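These are the residues of each chain, in order.
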Amino acid sequence: MYVIMTILKQMAPFLITLFLWRLSAYFWNPAGILCLIPVFYYTFVRPIKNFAIFGLIFCFLIDYRGDLALFWTCLYCLFYAINGFQKYIDFQNTDNNAIYMFMAFIGIGFFLLSVYGFSWTNFVNNLWLFLWLSILYTPITALDNWVKS
């Protein structure tokens, strides 16, 4: 039983990401964008070995479903490169599981998407997604603590 629980604990981040991507719905989770939460969390805040490659694949899948031409993939790679070169902000030891860094990550993305194809409908939709992902960040990352205990 211990072996099974250990394997499930190790697979949980991958399964959560896959589940959130498959749970795609037009208003609540367009193109599976909710999987950006565990992708960000397990890449930058609580890094897991080889999860960066998995996160890159899922950013590509979000772009593919949303017809975004590698937008989230490039933004993810940019943040990954910035995180590798910086020494001033420690994602792993910030308050609230680095929610402000996550909000900066998705905020930059949604701002660029709003500016690129500006319309009031697009702006309100991106604002809604920013708020929705920011609200759901805390419960989804709290799931990590529940799985580990």
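See the structure above.
Fair warning: this is a prediction, and the values are worked out from it, not measured in the lab.

**Student:** Please give an account of the overall build of the chain that cites residues and values.
**Tutor:** When helices and strands are tallied, the chain shows six helices and zero strands. For the chain, the α and β elements follow one another from N to C terminus as α-α-α-α-α-α. Its C-alpha radius of gyration of 15 Å places the chain within 12% of the 15 Å reference for a compact globule of 149 residues. Counting only C-alpha atoms, the chain reaches 55 × 35 × 25 Å along its principal axes. Looking at the chain as a whole, 40% of its 149 residues qualify as buried.

**Student:** An account of the layout of surface pockets is requested, with residue identities and associated values reported.
**Tutor:** Of the volumes computed, that of the largest pocket is approximately 290 Å³. Taken together, 17 residues line the largest pocket, and the ones lying closest to its centre are P30, A31, G66, L68 and L129. Contributions of two or more residues to the lining of the largest pocket are made by α3 (51-66), α5 (99-116) and α6 (120-148). In terms of residues, the lining of the largest pocket owes the most to one element, α6, which gives four residues. Among the residues making up the lining of the largest pocket, the classes are represented as eleven nonpolar, five polar and one charged.

**Student:** Go over the packing of helix α2 (residues 36-45) against α3, please, and point to the residues and values.
**Tutor:** Interaxial distance between α2 and α3 falls to 9 Å at its minimum, and their mutual angle equals 155°. Here α2 is positioned roughly antiparallel relative to α3, judged by the angle of their axes. In this structure, the crossing between α2 and α3 has a hand that is left-handed. Contact with α2, carried on its side by L36, P38, V39, Y42 and T43, involves F51, A52, G55, F58, C59 and I62 of α3 and no other residues of that element. Looking at the contact of α2 with α3, its residues break down into nine nonpolar, two polar and no charged.

**Student:** I'd like to hear about the packing of aromatic side chains, residue by residue, with values.
**Tutor:** For any pair of aromatic rings, the description rests on two quantities: the centre-to-centre distance and the angle between the ring planes. This structure, assessed with the given rule, holds 27 aromatic pairs. With centroids separated by 5.0 Å and ring planes inclined at 55°, the aromatic side chains of F40 and F44 adopt a geometry described as tilted. Residue F40 and its partner F44 are both found in helix α2; the two are separated by four residues, about one turn of the helix. Residue F40 is classed as buried on the basis of its relative accessible area of 1%. Of the residues examined, F44 reaches a relative accessible area of 2% and is grouped as buried.

**Student:** So, α5: which residues are in play, and what are the values?
**Tutor:** With 18 residues, α5 should reach 26 Å at 1.5 Å per residue; the first-to-last C-alpha distance of 25 Å fits that figure. Those residues of α5 not exposed but buried are I99, F102, F105, I106, G109, F110, L113 and S114. One side of α5 holds all its buried residues, which, seen down the axis, span an arc of 160°. Within α5, the exposed residues directed more than 90 degrees away from the buried face are Y100, F111, V115 and Y116. Buried-residue contacts for α5 involve α2, α4 (71-85) and α6.

Scoring rules and cut-offs
- Residues numbered from 1 in each chain as written.
- Predicted model: local features only at pLDDT ≥ 70, side-chain atom pairs only at ≥ 80, totals over all residues.
- Heavy atoms only, no water.
- Helix = DSSP H or I, 4+ residues; strand = E, 2+ residues; numbered from the N terminus.
- Rg over C-alpha atoms; globule rule 2.2 N^0.38 Å.
- Buried < 20%, exposed > 50% of the residue type's maximum accessible area, 1.4 Å probe, protein only.
- 1 Å grid on protein atoms, 1.4 Å probe; cavity = no way out; pocket = protein on both sides within 12 Å on 5 of 7 lines; lining within 4 Å.
- Points joined across faces, edges and corners; volume = space filled by probe spheres on them.
- Nonpolar A, V, L, I, M, F, W, Y, C, P; charged D, E, K, R; others polar.
- Axes fitted to C-alpha atoms, helices over the stretch in contact; angles between N-to-C directions.
- Parallel < 35°, antiparallel > 145°, perpendicular 65-115°, else oblique.
- Left-handed = near helix turned anticlockwise from the far one by under 90°.
- Contact = heavy atoms within 4.5 Å.
- Phe/Tyr/Trp six-rings, centres within 6.5 Å; stacked < 30°, edge-to-face > 60°.
- Expected span 1.5 Å × (residues − 1).
- Arc of directions from axis to C-beta.

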